[in-house]
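# Observations on chain architecture
Listed below are the residues making up each chain.
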Amino acid sequence: MAKPLLYSLPLLLLAPSVFAEDAATDAKRAQTVADVIDRPGVLTPKGKAGIEFSLNYSQNSSNRVNVIGYTVLPALVVGDIQVSDADRTTMTAGYTTRYGLTNATEIEIRIPYVYRSDQVAGRSLAQPSNETINRDVDGGGLGDIEFAIRHQFNFDTSPYWVGSLRIKSDTGKSPYEIATDPNDPLLLLDAPTGSGFWSIEPGISMIYPTDPAVLFASLSYVYNIEEDYNISGQNANIDLGDTISVGAGLGFAINRDLSLSIGFSHQTILESKINGSTAPDAKLLQLDSLNFGVSYSLSPTTSISISAQAGLTEDTPDFQLNVRVPFSL
């Protein structure tokens, strides 16, 4: 009989990791959760608690050309042309607590601390001087606290389905409340630590164990609640674009303690609106990434999971590294 196989599967779709082990080989009947794990579900058992410490590193770079003026002909620009190169680094330390209300339902709260550093270098191509202007902005603070509830719908047949509802607060520092550089409205004078919006994210996850691998997939929708902000001395109602997220992958066991995973995720961010109208510079964003993960069981109650994410599209962060250490109490 196998030891814990699906111990951390509800977290697979938050970060690409899996704690897979040897599966039962009885082919005469369908496997149930009780056949492959030592507890009656894939979530936190009733009356039990767990904590998790995590650290996420994200690196993103972009090159931008701004034309300050107007175009007379396709090849003739009257005004100034500025070129800028931006490197943005974000580190997020998180503390998460989970508690099992029943064997099928768990609740969760996550408290993040965010540190962000933006380095922007630019110069004018139309001016005789080749002097490069460097502008650095960094800072940190409390991020957006999150609350979640998850429910496992079935136990006796696979695949197993887990529904979730996540609520994200606006406790972090909003980018809409930070002053901007008078010479560059896109450059903030301080580093934001949150989105500035409350959001609600319902989702559904599928987990399918098949010896010696575990297949997983997810679908979710992030609804951002509208907020009013004062921008350039005028009140504006901002409707941040909602997000549609899908993901899939598989995890497979190397031995009883070590497992690997690979997955693909896609996000479609819808256009934002200001005062009920689509902003002139708003656009539909497509974010694709490839995920690799490795997990190692340190003890029956503790493990470490390391995952890396590579961006495949222009708007996706270039690279992300995530380290998670969950403890069962």
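Each value, and the rule that gives it
- Residues numbered from 1 in each chain as written.
- Predicted model: local features only at pLDDT ≥ 70, side-chain atom pairs only at ≥ 80, totals over all residues.
- Heavy atoms only, no water.
- Helix = DSSP H or I, 4+ residues; strand = E, 2+ residues; numbered from the N terminus.
- Buried < 20%, exposed > 50% of the residue type's maximum accessible area, 1.4 Å probe, protein only.
- Areas by Shrake-Rupley, 256 points an atom, 1.4 Å probe, with all protein chains shown as cover.
- Pairing = 2+ DSSP bridges.
- Lys, Arg positive; Asp, Glu negative; His and termini not counted.
- Salt bridge = Lys/Arg side-chain N within 4 Å of Asp/Glu carboxyl O.
- Polar contact = N/O pair within 3.5 Å; in protein donor to acceptor, adjacent residues only side chain to side chain.
- Contact = heavy atoms within 4.5 Å.
- pLDDT = per-residue confidence, 0-100.
- Phe/Tyr/Trp six-rings, centres within 6.5 Å; stacked < 30°, edge-to-face > 60°.

## A few points about the overall build of the chain
- Counting its secondary structure elements, the chain contains one helix and 19 strands.
- Across the 329 residues of the chain, 40% fall into the buried class.
- Of the roughly 17,200 Å² of accessible surface on the chain, a fraction of 59% belongs to carbon and sulfur atoms.

## Focus on the pairing of strand β5 (residues 146–152)
- By the alternation rule, side chains of β5 split into E146, A148, R150 and Q152, which are all buried, and F147, I149 and H151, of which none is buried.
- Here β5 runs beside strand β6 (residues 160–168); their pairing, made up of seven bridges, is antiparallel. Looking across to β6, one finds that E146 is bridged to K168.

## With respect to the side chain of D242
- Tracing the backbone shows D242 in the loop between β12 (234–239) and β13 (243–253).
- Despite its burial, D242 remains without a salt bridge, the nearest opposite charge being carried by K273 at 9.1 Å.
- A polar atom in the side chain of D242 sits 3.0 Å from the backbone nitrogen of N224.
- Setting aside residues up to four positions removed in sequence, D242 forms contacts with Y221, V222, Y223, N224, T268, I269 and L270.

## Quick word on the confidence of the model for the chain
- On average, residues of the chain score 79 in pLDDT, and 74% of them are at 70 or above.
- Low confidence marks residues 7–40, where pLDDT is under 50. Its contacts with residues over four positions away, or in another chain, come to 106 contacts.
- Between residues 65–82, whose pLDDT stays under 50, and residues either more than four places distant or in other chains, the model counts 32 contacts.

## Here we look at the sheet that holds strand β11 (residues 227–231)
- With antiparallel pairing, the four strands of this open sheet are ordered in space as β11-β12-β15-β16. Since the sheet does not close on itself, it has two edges, and those belong to β11 and β16 (277–278), each with one partner.

## Details of the pattern of salt bridges
- A full pass over the atoms with the stated rule returns 12 salt bridges.
- In this structure, R98 engages E108 in a salt bridge whose closest nitrogen and oxygen atoms are separated by 2.7 Å. Note that R98 is positioned in strand β2 (residues 76–100) and E108 in strand β3 (residues 105–124), a separation of 10 residues in sequence. Each member of the pair, R98 as well as E108, carries the same accessibility label: buried.
- One salt-bridge network, in which partners are shared between bridges, spans E52, R98, E106, E108, R150 and R324.

## Concerning the packing of aromatic side chains
- Tallied over the full model, the rule gives five aromatic pairs.
- Both rings, one in F53 and one in Y95, keep their centres 5.5 Å apart while their planes meet at 50°; by these two values the pair is tilted. With F53 in strand β1 (residues 49–73) and Y95 in strand β2, the pair connects residues that are 42 residues apart, well separated along the chain.
- Classification of F53 as partly exposed rests on a relative accessible area of 42%.
- For Y95, a relative accessible area of 34% gives the class partly exposed.

## A look at the side chain of T268
- Along the polypeptide, T268 turns up in strand β14 (residues 258–269).
- T268 has contacts with D242, T243, I244, L284, L285 and Q286, leaving out every residue within four places of it along the chain.

## Some remarks on the environment of L43
- In this structure, L43 sits in the loop between α1 (33–36) and β1.
- Separated by 64 residues in the primary sequence, L43 and I107 have C-alpha atoms spaced 9.6 Å apart.

## What about unusual backbone geometry?
- Omega for the peptide link from S158 to P159 comes to 5°, which places this bond in the cis form.
- Looking along the chain, the bond that leaves D211 and enters P212 is cis, with omega of 0°.
- Along the chain, the position of P212 falls in the loop between β9 (199–210) and β10 (213–224).
- Not every positive phi belongs to a glycine, and N275 is a case in point at roughly 55°.
- Looking at where N275 falls in the secondary structure, it is placed in the loop between β15 (273–274) and β16.

## Description of the pairing of strand β18 (residues 302–311)
- Alignment of strand β17 (residues 285–299) against β18, held across 10 bridges, turns out to be antiparallel. Of the residues in β18, the one forming a bridge with L290 is A310.
- Here β17 folds back onto β18, and the loop between the two strands holds two residues.
- Across seven bridges, the pairing between β18 and strand β19 (residues 319–328) is antiparallel. In the sheet register, T302 faces β19, and the bridge partner there is F327.

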